[in-house]
Amino acid sequence: MNAPGTMTPSAGPATEERVPRWRPAGRAAQLRVLTARQIRLVYADRRVVLFSVAQPVVMLLLISQVFGSLADRSILPRGVSYIEFLLPALLVTTGIGTSQSAGVGLVRDMEGGMVRRFRVLPLSLPMVLVARSIADLTRSGMQLLVLVVAGHLLFGYRAGGGAVGLVAALALSTVVIWSLIWIFIALAAWLRKVEVLSSIGFFVSFPLMFASSAFVPVDVLPGWLAAVATVNPVSHAVEASRSLALGGQVGSEVTAALCAALGLMAAMTVLAARAVRRPPDE
């Protein structure tokens, strides 16, 4: 028994529990989550998916019938039909429309406030752009596969370079399309207006597509147009895809096309990352 007036000593202050320190997810996790979200948005509307699948088939039907009926077999490489000449080119040009859609989608996210919300989250804004480019690239990949299947079923297309050459042409086209996607993402990040981006996209897309060697050989074009087609980067990508699909040969065109696409992609990635970090009102 304690003596009167004395107090029992207290047990001392309770030990504070350590609260685990919160850390944001790494960039790999951010990219995985953002890409999954963007893919869900891309394929959420079945009508968009349907028209995305139909677009390369319509292009194949129209261009093969219009230009194919006018093309002289003597202007084509020996033993090559027009569909064999055309389809490797469409593997490259099909991605131009998808690339423009990627830029338009980014501008709409900015106008709708989605990118503004991302700014207050603990994530890297450039990862948002990378996720969008990957999601749109999957749509382009689907279009390329549909294009090859449609060419085989409708016109009996056979790649002269065999399966290996065709797969190599598909891989090359995918890299080129990815670089085109980054061009329009960078433009969208800087311009931030759908109307301005659509206007610029029209003047960029059509010369790239038609002032090239995609649909007819450069030799048969008028002098001034042949000069434009010669320096057109799409012409070099088309010739590289064509050489792989027709003969499975990895020549200087393939190396030049890959180097140009990768260099352009790197430059546009840096520009887009700088642009997306700008304050929303600038």
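Residues numbered from 1 in each chain as written. Predicted model: local features only at pLDDT ≥ 70, side-chain atom pairs only at ≥ 80, totals over all residues. Heavy atoms only, no water.

K.L.:
Please set out a nonpolar patch on the surface residue by residue, giving values where relevant.
P.N.:
Residues Leu-61, Val-149, Leu-153 and Leu-154 make up a contiguous nonpolar surface patch of about 380 Å² in total accessible area. Take the nonpolar patch: its biggest share by element is 3 residues, from helix H5 (residues 125-155). Along the chain, Leu-61 falls in helix H2 (residues 46-70). (Patch = residues over 30% accessible without salt bridge, like charges linked within 9 Å, V, L, I, M, F, W, Y side chains within 5 Å. Areas by Shrake-Rupley, 256 points an atom, 1.4 Å probe, with all protein chains shown as cover. Salt bridge = Lys/Arg side-chain N within 4 Å of Asp/Glu carboxyl O. Helix = DSSP H or I, 4+ residues; strand = E, 2+ residues; numbered from the N terminus.)

K.L.:
Would you mind going over the environment of Gly-105 in detail, with residue names and values included?
P.N.:
Its place among the elements puts Gly-105 in helix H3 (residues 82-111). Judged by relative accessible area, Gly-105 falls into the buried class, the value being 18%. (Buried < 20%, exposed > 50% of the residue type's maximum accessible area, 1.4 Å probe, protein only.)

K.L.:
Before we move on, can you summarise the packing of aromatic side chains with the specific residues and values?
P.N.:
Counted by the stated rule, this structure contains 5 aromatic pairs. With a centroid separation of 4.9 Å and an interplanar angle of 45°, the aromatic rings of Phe-202 and Phe-206 are classed as tilted. Of the two residues, Phe-202 and Phe-206 both sit in helix H7 (residues 194-210), 4 residues apart, roughly one turn of that helix. Exposure remark for Phe-202: the relative accessible area of 46% places this residue in the partly exposed category. (Phe/Tyr/Trp six-rings, centres within 6.5 Å; stacked < 30°, edge-to-face > 60°.)

K.L.:
How would you summarise the packing of H5 against helix H6 (residues 162-191) if you had to cite specific residues and measurements?
P.N.:
Relative orientation of the contacting elements H5 and H6 amounts to 140°, with a least axis distance of 9 Å. If you check the angle between H5 and H6, you find them oblique. Handedness of the crossing formed by H5 with H6: right-handed. Mapping the contact onto sequence places Leu-129, Val-130, Arg-132, Ser-133, Ile-134, Asp-136, Leu-137, Ser-140, Leu-144 and Val-148 in H5 and Leu-166, Leu-170, Ser-173, Thr-174, Ile-177, Trp-178, Ile-181, Trp-182 and Ile-185 in H6. Looking at the contact of H5 with H6 residue by residue, the classes come out as 13 nonpolar, 4 polar and 2 charged. (Axes fitted to C-alpha atoms, helices over the stretch in contact; angles between N-to-C directions. Parallel < 35°, antiparallel > 145°, perpendicular 65-115°, else oblique. Left-handed = near helix turned anticlockwise from the far one by under 90°. Contact = heavy atoms within 4.5 Å. Nonpolar A, V, L, I, M, F, W, Y, C, P; charged D, E, K, R; others polar.)

K.L.:
Describe the pattern of salt bridges, listing the residues and the values that go with them.
P.N.:
Following the criterion strictly, the structure yields 5 salt bridges and no others. Across the pair Arg-47 and Asp-45 runs a salt bridge whose closest N-O atoms are separated by 3.0 Å. For Asp-45, a relative accessible area of 28% gives the class partly exposed. Two residues, Arg-132 and Asp-136, come together in a salt bridge whose shortest N-O distance is 3.8 Å. Residue Arg-132 and its partner Asp-136 are both found in helix H5; the two are separated by 4 residues, about one turn of the helix. Judged on exposure class, the residue Arg-132 and its partner Asp-136 are both buried. Here the salt bridges do not stand alone but share partners, grouping Asp-109, Arg-132, Asp-136 and Arg-139 into one network.

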